[in-house]
Amino acid sequence: SALLRPDVIFFGEGLSSAFNTASREEMPRSDLNLVMGTSLVVYPVAALPQMVGPECVRVLVNRDPTGCFQYCPPYDLNTSRPGDPWTGQERWAGSGYRDIFLRGGCDEGAEALARALGCEAEL
């Protein structure tokens, strides 16, 4: 047995009961769900974007589409016009009416979101 253990959950370890309770209570009340840098294949965390209510906007910032974002049209952070991130996309039709896929790295995505929200200086 080790004297020091990092404060992380390793693959195969269970999450705390507090996580389970909080996710069941809080996710359905969310207005915005940001998902960044993940494959969305390891459960139970991979199920979190599907636990939000039907009015919640879900945003994936990732290099590749995955999970419930598999068929979202991408907004490419590297080639699209800065300052006008949501134009030109047919996002609000069909089953993907609330899903946004920002193709790129997490740092680029955080910067693009901060710029769109007008809080880039605070980042």
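What counts, and where the lines are drawn
Residues numbered from 1 in each chain as written. Predicted model: local features only at pLDDT ≥ 70, side-chain atom pairs only at ≥ 80, totals over all residues. Heavy atoms only, no water. Helix = DSSP H or I, 4+ residues; strand = E, 2+ residues; numbered from the N terminus. Contact = heavy atoms within 4.5 Å. pLDDT = per-residue confidence, 0-100. Patch = residues over 30% accessible without salt bridge, like charges linked within 9 Å, V, L, I, M, F, W, Y side chains within 5 Å. Areas by Shrake-Rupley, 256 points an atom, 1.4 Å probe, with all protein chains shown as cover. Salt bridge = Lys/Arg side-chain N within 4 Å of Asp/Glu carboxyl O. Buried < 20%, exposed > 50% of the residue type's maximum accessible area, 1.4 Å probe, protein only. Core = buried A, V, L, I, M, F, W, Y, C linked by side-chain atoms within 4.5 Å.

Inspection of the secondary structure assignment puts leucine 123 in the segment after helix H2 (106-117). The spacing of leucine 123 and alanine 110 is 13 residues in sequence and 8.3 Å in space, taken between C-alpha atoms. Apart from the residues lying within four places of it in its own chain, the contact partners of leucine 123 are Ala110, Glu111 and Ala114.

What follows deals with the confidence of the model for the protein chain. On average, residues of the protein chain score 82 in pLDDT, and 81% of them reach the 70 mark or higher. When pLDDT is averaged over each helix and strand of the protein chain, the minimum, 76, is found for strand E3 (residues 74-76) and the maximum, 95, for strand E1 (residues 32-36). Between residues 81-94, whose pLDDT stays under 50, and residues either more than four places distant or in other chains, the model counts 23 contacts.

A cluster of nonpolar side chains, contributed by Phe11, Val41 and Val42, occupies part of the molecular surface with about 360 Å² of accessible area. Following the sequence through the fold, valine 41 ends up in the loop between E1 and strand E2 (57-62). Given a relative accessible area of 56%, valine 41 falls into the exposed group.

A word on the pattern of salt bridges. Per the counting criterion, the structure on display carries three salt bridges. In this structure, glutamate 26 engages arginine 29 in a salt bridge whose closest nitrogen and oxygen atoms are separated by 2.9 Å. For glutamate 26, a relative accessible area of 39% translates into the label partly exposed.

What follows deals with the nonpolar core. Membership of the largest hydrophobic core is limited to seven residues, which are Val35, Leu40, Ala46, Leu60, Phe69, Cys72 and Phe101. Residue contacts for alanine 46: discarding those within four places in its chain leaves Leu40 and Val41. Listed in part, the six residues of the second largest apolar core include Val59, Ile100, Leu102 and Leu113.

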